[in-house]
Amino acid sequence: MKTKEMINFIIGNLKAKLPIIQGGMGIGISLSGLASSVANQGGIGVIAAAGVGMLEPDYYTNFRDSNIRAFRKHIRRTRELSNGIIGVNIMVALSNFSDLVKTAVEEKIDIIFAGAGLPLDLPKFLEGSKKTKLVPIISSGKAARIIARRWLKKYDYLPDAIVIEGPRAGGHLGFKVEQIDDPKYSLDNLVKGVIEEIKPIEEATGKKMPIIAAGGIYTGKDIYDIMQLGASGVQMATRFVTTDECDASIAFKKCYINAGQKDIDIIKSPVGMPGRAIINEFLKNTMSGKKKPFKCPYHCIITCDYINSPYCIALALSNAKQGKMKNGFAFAGKNAYRADSIISVKKLIEILKKEYSHSLN
Ligand SMILES: Cc1cc2nc3c(=O)[nH]c(=O)nc-3n(C[C@H](O)[C@H](O)[C@H](O)COP(=O)(O)O)c2cc1C
């Protein structure tokens with residue numbers, strides 16, 4: 001029987017033992033607990049910045065400082081818990097995007113992942129720092145090309161890697177609803193498309209931009225297969241939710257365990273993008289027109305239509321993170337229904353490695 005070991009993932013001067021990046025999961029799902037555990041197992045652990053301040057006592061009165069303070073705290077705590085590679089995920093659409101990026105650079109974070117919008121000016125925040133790597137998250141080869149060209153021209157900088165996130169991912173999706181199930185937009189095709197678009201830039205500059213594939217990667221065999229197409233690593237989020245160390249409540253994790261395939265569907269998010277979630281009573285009610293009144297003192301996502309939205313998405317996701325599922329819902333990837341137990345990150349990595357090594361047979 002032939003077997004194969006997972007190979008390292010190299011980004012600039014950093015080398016992760018495993019080609020596995022844990023996807024950032026906002027509103028408290030991936031914080032120091034999950035990020036440090038993944039980094040300790042040889043992957044790249046990622047703290048999500050969206051809504052990081054929501055559990056601070058002054059969040060509603062002091063949006064700006066509470067987020068910066070909580071973000072700094074989580075970065076430092078993760079560092080205390082791990083010597084591995086740590087990243088942060090900062091959505092471009094956040095109204096405090098620049099505060100959060102500046103904080104991450106000040107804290108000398110290893111990697112910033114930035115999606116949900118094109119991070120066209122991200123390199124300007126480095127201000128000469130050579131420590132932090134910059135990785136855009138995009139949904140098409142065209143977006144990869146636009147960002148790489150712009151960064152090169154304006155900042156003499158190229159992405160240190162690129163995450164291409166396909167339509168099977170959880171959370172907000174960078175696709176139109178009709179593209180989501182169209183095979184043209186399969187992750188395989190997207191990976192090939194990005195490689196093709198960035199090839200001329202890599203050839204002209206002599207610099208490699210490793211590709212990280214995301215969205216629906218669930219087993220070690222999935223990792224192996226996508227790497228055969230030219231990806232250097234994968235970003236996985238859904239599979240990490242049902243771990244002991246994931247920072248969400250047990251009730252949130254149980255939603256994944258209890259979900260059937262049919263419960264996972266696309267919703268129209270107030271932020272103007274489609275999103276994938278586990279459909280529950282809260283979503284059914286809001287989709288049928290019931291309003292959940294709320295105040296929006298801070299407008300946390302630039303694109304959010306908070307005036308017409310029946311509910312506050314940040315509040316709904318924060319409730320869910322805390323296990324208050326009657327007043328919230330869980331974002332989840334297309335494969336979330338496959339989870340049947342909550343295990344440690346260590347055990348999950350062992351399973352993925354085993355599945356990967358046997359995928360040659
Ligand atoms: C609960 C949840 C929350 C997420 N939050 C964010 C986020 O805050 N920012 C972001 O860029 N992506 C977010 N994502 C997307 C993931 O980082 C990841 O790229 C994607 O889910 C990968 O697909 P998979 O879940 O099938 O592995 C989220 C996904 C989930 C499941």
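Please read these numbers as outputs of a predicted model, since none were measured by experiment.

**Details of the packing of helix α6 (residues 220-228) against helix α11 (residues 345-357)**
Part 1 of the argument: Contact geometry of α6 with α11 gives a least axis separation of 6 Å together with a crossing angle of 50°. The angle between the axes of α6 and α11 places the two elements in the oblique class. As α6 runs across α11, the sense of the crossing is right-handed. When α6 is examined against α11, the residues Gly220, Lys221, Ile223, Tyr224 and Met227 are found in contact with a partner set consisting of Leu352, Glu355 and Tyr356.

**Quick word on the packing of aromatic side chains**
Part 1 of the argument: Here the structure, examined in full by the defined rule, presents 14 aromatic pairs.
Part 2 of the argument: Residues Tyr224 and Tyr356 carry aromatic rings whose centres are separated by 5.4 Å and whose planes lie at 80° to one another, so their mutual orientation is edge-to-face. Note that Tyr224 is positioned in helix α6 and Tyr356 in helix α11, a separation of 132 residues in sequence. Of the two residues, Tyr224 and Tyr356, both sit in the buried class.
Part 3 of the argument: Between Phe252 and Tyr256, the aromatic rings sit 5.9 Å apart at their centres with planes inclined by 35°, giving tilted as the arrangement. Highlighted residues: Phe252 and Tyr256, both in helix α8 (residues 250-258), separated by four residues, approximately one helical turn. Pair check on accessibility: Phe252 and Tyr256 agree, each one buried.

**Concerning the side chain of Gln235**
Part 1 of the argument: Following the sequence through the fold, Gln235 ends up in strand β11 (residues 233-236).
Part 2 of the argument: Taking the relative accessible area as the measure of exposure, Gln235 reaches 8% and is therefore buried.
Part 3 of the argument: Apart from residues no more than four positions distant in its own chain, Gln235 is found in contact with Ile21, Gln22, Gly23, Phe113, Ile137, Val163, Glu165, Ile212, Ala213, Ala214 and Gly215.

**Remarks on the pattern of salt bridges**
Part 1 of the argument: This model, assessed by the stated rule, comprises 19 salt bridges.
Part 2 of the argument: With its nearest N and O atoms 2.7 Å apart, the salt bridge here joins Asp99 to Arg64. You can see Asp99 sitting in helix α3 (residues 97-106) and its partner Arg64 sitting in helix α2 (residues 63-81), a full 35 residues away along the chain.
Part 3 of the argument: Classification of Asp99 by relative accessible area gives buried; the value is 11%.
Part 4 of the argument: Taking the shortest distance from any N to any O, the salt bridge between Asp160 and Lys207 comes out at 3.7 Å. With Asp160 in the loop between α4 (141-155) and β8 (162-165) and Lys207 in the loop between α5 (187-205) and β10 (211-214), this pair connects stretches of sequence that are 47 residues apart.

**Focus on the sheet that holds strand β13 (residues 274-278)**
Part 1 of the argument: If you trace the three strands from one edge of the open sheet to the other, you get β9-β13-β12, paired in antiparallel fashion. Whereas interior strands pair on both sides, the edge strands pair on one side only; in this sheet they are β9 (171-172) and β12 (264-268).
Part 2 of the argument: The pairing of β12 with β13 spans five bridges and is classified as antiparallel. When the sheet's bridge partners are listed, Ile267 is paired in β13 with Gly275.

**Details of the environment of Pro210**
Part 1 of the argument: Within the element layout of this structure, Pro210 appears in the loop between α5 and β10.
Part 2 of the argument: Along the chain, Pro210 and Ala161 lie 49 residues apart, while their C-alpha atoms are 4.7 Å from each other.
Part 3 of the argument: If near-sequence neighbours (up to four positions away) are discounted, Pro210 is found in contact with Phe9, Ile10, Asp160, Ala161, Ile162 and Ser232.

**Details of unusual backbone geometry**
Part 1 of the argument: A positive phi angle, near 40°, is found at Glu127, a position not held by glycine.
Part 2 of the argument: Note that Glu127 resides in the loop between β6 (111-114) and β7 (133-138).
Part 3 of the argument: Unlike most non-glycine residues, His299 shows phi in positive territory, near 50°.
Part 4 of the argument: With respect to the helices, strands and loops of the structure, His299 is situated in the loop between α9 (281-287) and α10 (313-321).

**A look at the site of the ligand**
Part 1 of the argument: Taken together, 21 residues lie near the ligand, and Gly24, Glu165, Gly216, Gln235 and Thr238 sit nearest.
Part 2 of the argument: Take Glu165: an N or O atom from its side chain is 2.6 Å from an oxygen atom of the ligand.
Part 3 of the argument: Burial of the ligand by the protein amounts to 94% of the accessible area it has alone, namely 600 Å².
Part 4 of the argument: Here the shell around the ligand is built from residues that sort into 10 nonpolar, nine polar and two charged.

How each quantity is defined
Residues numbered from 1 in each chain as written. Predicted model: local features only at pLDDT ≥ 70, side-chain atom pairs only at ≥ 80, totals over all residues. Heavy atoms only, no water. Axes fitted to C-alpha atoms, helices over the stretch in contact; angles between N-to-C directions. Helix = DSSP H or I, 4+ residues; strand = E, 2+ residues; numbered from the N terminus. Parallel < 35°, antiparallel > 145°, perpendicular 65-115°, else oblique. Left-handed = near helix turned anticlockwise from the far one by under 90°. Contact = heavy atoms within 4.5 Å. Phe/Tyr/Trp six-rings, centres within 6.5 Å; stacked < 30°, edge-to-face > 60°. Buried < 20%, exposed > 50% of the residue type's maximum accessible area, 1.4 Å probe, protein only. Salt bridge = Lys/Arg side-chain N within 4 Å of Asp/Glu carboxyl O. Pairing = 2+ DSSP bridges. Near = heavy atom within 4 Å. Polar contact = N/O pair within 3.5 Å; in protein donor to acceptor, adjacent residues only side chain to side chain. Areas by Shrake-Rupley, 256 points an atom, 1.4 Å probe, with all protein chains shown as cover. Nonpolar A, V, L, I, M, F, W, Y, C, P; charged D, E, K, R; others polar.

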